[in-house]
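Structure at a glance
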Amino acid sequence: GIMVSVCLTVLSAVLSSQEAVISNLTPIIDTDGNVMITGEADVLQVGSTYYFFFDNWGECRNAVCAQPTNACCAAVRDSACIYAINHTVVGYSTADFKAWAFLGVLLPVEGRAAGTLFRPHVVHNPHTNLYTMWFENFNASADPAACGPHAGGCHYSVATAAHPAGPWHTVRDGPDGAKFKCSTAEGDFDLFVDHDGTGYIVVTHYSELCIERLTEAFTDGTGETATIAGQKITGVAGESPVMFSRGGLYYVMWGSGCCACSVGASVFVHVARSPLGPYRYLGDIGTDPGHKACNPCDGKFVTKAQQSAVLDVAGEIVWVGNQWQSAADGQLNHGLLYFTPLSFHANGSIAHLTWRDNITIPTRSF
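Let me sum up the structure you'll find in this document. (Residues numbered from 1 in each chain as written. Predicted model: local features only at pLDDT ≥ 70, side-chain atom pairs only at ≥ 80, totals over all residues. Heavy atoms only, no water.)

**Notes on the nonpolar core**
Among the nonpolar cores identified, the biggest contains 23 residues, and F52, F54, F97, L311 and F339 are the most heavily contacted of them. Of all the elements in the fold, those that place two or more residues in this core are β1 (19–23), β2 (41–46), β3 (49–56), β4 (88–94), β18 (306–313), β19 (316–323), β20 (336–341) and β21 (358–362). Ignoring anything within four residues of it in the chain, the contact list for F54 reads M36, I37, T38, G39, E40, A41, T88, V89, V90, Y92, P120 and L337. Judged by nonpolar contacts, the second largest core, of 19 residues, contains Y251, F344, I350 and L353. (Core = buried A, V, L, I, M, F, W, Y, C linked by side-chain atoms within 4.5 Å. Buried < 20%, exposed > 50% of the residue type's maximum accessible area, 1.4 Å probe, protein only. Helix = DSSP H or I, 4+ residues; strand = E, 2+ residues; numbered from the N terminus. Contact = heavy atoms within 4.5 Å.)

**Digging into the layout of surface pockets**
Regions of empty space are outlined by a rolling probe, equal in size to a water molecule, passed over the atoms. In this structure, the largest pocket encloses a volume near 620 Å³. Within the residue set of the lining of the largest pocket, elements represented by two or more residues are β2, β6 (116–125), β10 (189–193), β14 (238–246) and β18. Of the residues assigned to the lining of the largest pocket, the class counts are 17 nonpolar, 5 polar and 4 charged. (1 Å grid on protein atoms, 1.4 Å probe; cavity = no way out; pocket = protein on both sides within 12 Å on 5 of 7 lines; lining within 4 Å. Points joined across faces, edges and corners; volume = space filled by probe spheres on them. Nonpolar A, V, L, I, M, F, W, Y, C, P; charged D, E, K, R; others polar.)

**Points about the sheet that holds strand β8 (residues 155–161)**
Spatially, 4 strands are ordered β6-β7-β8-β9 in an open sheet, and the strand pairing comes out antiparallel. Among the strands making up the open sheet, the edge pair consists of β6 and β9 (169–172). The average undirected angle you get between the axes of adjacent strands in this sheet is 30°. As paired elements, β6 and strand β7 (residues 130–138) share 8 bridges and run antiparallel to each other. Opposite V123, over in β7, you have T132 as the bridge partner. (Pairing = 2+ DSSP bridges. Axes fitted to C-alpha atoms, helices over the stretch in contact; angles between N-to-C directions.)

**Considerations on the side chain of N322**
Residue position: N322 is located in strand β19. What makes N322 buried here is its relative accessible area of 2%. Looking at N322, its side chain comes within polar contact range of the main-chain oxygen of G39, at 2.8 Å. At 3.1 Å, the side chain of N322 forms a polar contact with the side chain of S308. Contacts of N322, omitting those with residues within four sequence positions, involve G39, E40, A41, K304, A305, Q306, S308, L336 and L337. (Polar contact = N/O pair within 3.5 Å; in protein donor to acceptor, adjacent residues only side chain to side chain.)

Structure representation (structure tokens):
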């Protein structure tokens, strides 16, 4: 009896050491003792290490974007706010979701053409054995209208590195940005690499989503595309897509507009049996039950966060969002993240999200 009790105690200690609890109510503190710098996020797993990449918007405070009184704060490009040209990409690494090492600035302002950097996304290219980062690079003028179809003022830029921590070198930028059919209008995007090494990009054109297969270099599109009639299906324009696969199904999820909004966004789910579809709409898992998604609005959203990335941890798909304007010190780049596991039904649909104060993450499977 004593031996069994001792063994159970030891086993419990071992198991607990393989779990990490992440709070959705307090900021992550890195190994230097500093509050994590956050922003639009992406996550890449390399072996047992997870690399987090953030668009650092600087010390922007009290931004009022995508609220009913102000559809977007793009009017002033050179302010210390959303559309400033001082954005950088910073990185963190963790193997256990307990210790977070700050990797520094991975892509400085001088490492790209002048403009406003948004939404860095990083994948590994098995064809080149390089890590590839795409990011939006809005024009540096004071006129946001210079972006859009045929405007020529905004670009999707590409950088590569031999290691996720860098050094990163921009290889496609400015007028020579990535060329692909889905780029006819500037929008949020995500990158996805299938099990066979084929790369894809999904872009929200606000009214619809466009998916395109990438070249083997992952620097341009092939022109092979598919579309999802987002706004026609949901009634709202969209942002912040993610694309992933699970159990032989391909998922594209996106949300209602939330330009650093404090209320969060919906999470619309589409599923297909191939990366280029056809996709079937499964519903909205992010808006409070009994409410309808709207854009922009003081909506009722479960997580109070805008979707940014998903990651696979020991076979569990974890959703990551930005709780904009949630920092205790008011800095936009100290805003809280939101982590929650996705629960899948037998038919492949995803259960409606529920609020969680924290999440327990298994850091290693046995």
